[in-house]
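# Topology and contacts: notes
Below, each chain spelled out in residue letters.
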Amino acid sequence: MKKILIIGAAGQIGTELVLALEKKFGKESVIASDVKEECPKALQNSNYKQLNILDKEGVSKLVKGENVTDVYLLAALLSATAEKNPAFAWELNMDGLFNILNLAKDGFIKKVFWPSSIAVFGPTTPKVNTPQRTIMEPTTIYGISKQAGEQWCAYYNRVHGVDVRSIRYPGLISYTSLPGGGTTDYAVDIFYHAKEYNKYTCFIDENTALPMMYMEDAIRATIELMEAPEEQIKIRTSYNLGGISFTPKQLAAAIKIHQPNFGIDYAPDYRQTIAESWPESIDDQQARKDWKWKECYDLNKMVEVMLKKVDPKLLF
Ligand code: AKB
């Protein structure tokens, strides 16, 4: 029987992934876990367990005791937060991955999902339509940890036969729970400010384009990748996934269609340097070919849903 463990379930991706997996496989097949003691509101009807991914014994006990088959390991420090605490970011992002890969290597887990990011790319990477295989010289500690993690995933697959699958997520846009500590977070913050104050001060420059994706597409991609037949998975580092590319100025213009008086100004901070080191758009032909990936949301469709659904009480 399939038994799925989501680690980092209280985060932006985790909350929605838990609900989607419960819908697909049934509540009894899904365990949501996070380092937070208190179960997040959105997961109050889920099977929630407190778990620290760095507690090797605790993770092993839970995986073995619950006969876990599939693990989605989402616990990580993102780009902006990782720059403030590089040593802990490295420990969390790498040791957490090893704890899961080693359990899979020893036969206690059948399938692993581990997220990578567009942060694996750097200033020397071709910026437009960044290919699946290209120059990768990341300049953030988050990007370095994701790039190293990708290589470890490929190694565990090649040498130990571990079925580990991964996506290089672009910036993710959602309304169920807030992102934390990323450079692309402006594209979520802007909706809360638009609804509450009808204005926003953006920490990224108006003309900096970044690849983004609406969460519903990202969740569908994640589950489709995990459910694809093993022989279709040709990339064991991590798959490029494109989504929607836009600048803050273009996003503001799309919001103005619904709120003509919406105002935006710009005060770029340290996150601007990170954003400038990342691609503007991503070539995801390989994912389209191997497991038939196709996004559903474009900029206007995403903006329409976000403005309707965002609840400013979550942030203010
Ligand atoms: C971040 O901005 O750090 C993340 C990412 C692109 O991985 N959203």
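Cut-offs applied
Numbering of residues starts from 1 in every chain and runs along the sequence as written. pLDDT decides what is reported in this predicted model: residues at 70 or higher carry local features, side-chain atom pairs at 80 or more are listed and counted, and totals for whole chains, interfaces and linings draw on all residues regardless. To get the side-chain values, all heavy atoms of the structure are used, and hydrogens and water are removed first. Each helix is a run of H or I in the DSSP string that is no shorter than four residues. Each strand is a run of E no shorter than two, and both are numbered from the N terminus. For a compact globule the rule gives 2.2 Å times the number of residues to the power 0.38, and the radius of gyration it is set against comes from C-alpha atoms. Categorising residues by exposure relies on relative accessible area from a 1.4 Å probe, with only protein chains included: less than 20% of the type maximum marks a residue as buried, more than 50% marks it as exposed, and the intermediate range marks it as partly exposed. Any pair of residues with heavy atoms lying within 4.5 Å of one another is described as a contacting pair. Reported accessibility uses the Shrake-Rupley method at a 1.4 Å probe radius. Residues are deemed covered only where the shown protein chains occlude them. The pairing criterion is simple: DSSP has to find at least two bridges between the two strands. In these notes, residues near a molecule or strand are those with any non-hydrogen atom within 4 Å of it. We define a polar contact as two N or O atoms separated by no more than 3.5 Å, with the added condition that, inside protein, one atom must be a possible hydrogen donor and the other a possible acceptor, whereas residues neighbouring each other in sequence contribute only through side-chain atom pairs. Throughout, the protein atoms alone are placed on a 1 Å grid, and a set of points is a cavity if a 1.4 Å probe fits but cannot get out or a pocket if it is open with protein on both sides within 12 Å along at least five of seven lines; lining residues have an atom within 4 Å of a point. Any molecule with more than half of its atoms within 2 Å of a cavity's or pocket's grid points is counted as sitting in it. Polar here means any residue other than Ala, Val, Leu, Ile, Met, Phe, Trp, Tyr, Cys and Pro, which are nonpolar, and Asp, Glu, Lys and Arg, which are charged; Gly is therefore polar. Residue ranges assigned to each domain were obtained from an automatic or database domain assignment.

Our next topic: the overall build of the protein chain. Regarding its fold elements, the protein chain presents 11 helices and 14 strands. A globule of 316 residues ought to have a C-alpha radius of gyration of about 20 Å, and the protein chain, at 19 Å, matches this closely. In terms of overall dimensions, the protein chain has C-alpha extents of about 55 × 45 × 40 Å along its principal axes. The burial tally for the protein chain puts 56% of its 316 residues in the buried class. Excluding contacts between residues fewer than 6 apart, the proportion of contacts in the protein chain whose partners are at least 24 apart in sequence is 79%. A total accessible area of about 13500 Å² is found for the protein chain, and carbon and sulfur atoms account for 50% of it.

This brings us to the pairing of strand S11 (residues 210-214). With 5 of 5 residues buried, S11 lies mostly within the body of the structure. Side chains Leu210, Met212 and Tyr214 project from S11 onto one buried face, and the interleaved Pro211 and Met213 project onto a second face that is buried too. As judged from the 3 bridges shared by strand S9 (residues 171-173) and S11, these two strands associate in the parallel manner. Across the sheet, the residue bridging to Leu172 is Met213, located in S11. Here S11 runs beside strand S13 (residues 244-246); their pairing, made up of 3 bridges, is antiparallel. Counted as the bridge partner of Pro211 is Ser245 from S13.

As a structural note, the neighbourhood of the ligand is formed by Leu78, Ser79, Ser117, Ile118, Tyr142, Gly182, Thr183, Thr184 and Trp278. Within the contact set of the ligand, an oxygen atom lies 2.5 Å away from a side-chain nitrogen or oxygen of Ser79. With respect to the ligand, the side chain of Ser117 contributes an N or O atom lying 2.7 Å from an oxygen atom. Taken by itself the ligand offers 250 Å² of open surface, and the protein chains cover 93% of this. Judged by the fraction of its atoms near the pocket grid, the ligand is located in the largest pocket. Taken together, the residues of the shell around the ligand sort by class into 4 nonpolar, 5 polar and no charged. Mapping the shell around the ligand onto the domain boundaries places at least three of its residues in each of domain 1 (4-170 + 213-240) and domain 2 (174-212 + 245-280 + 298-315).

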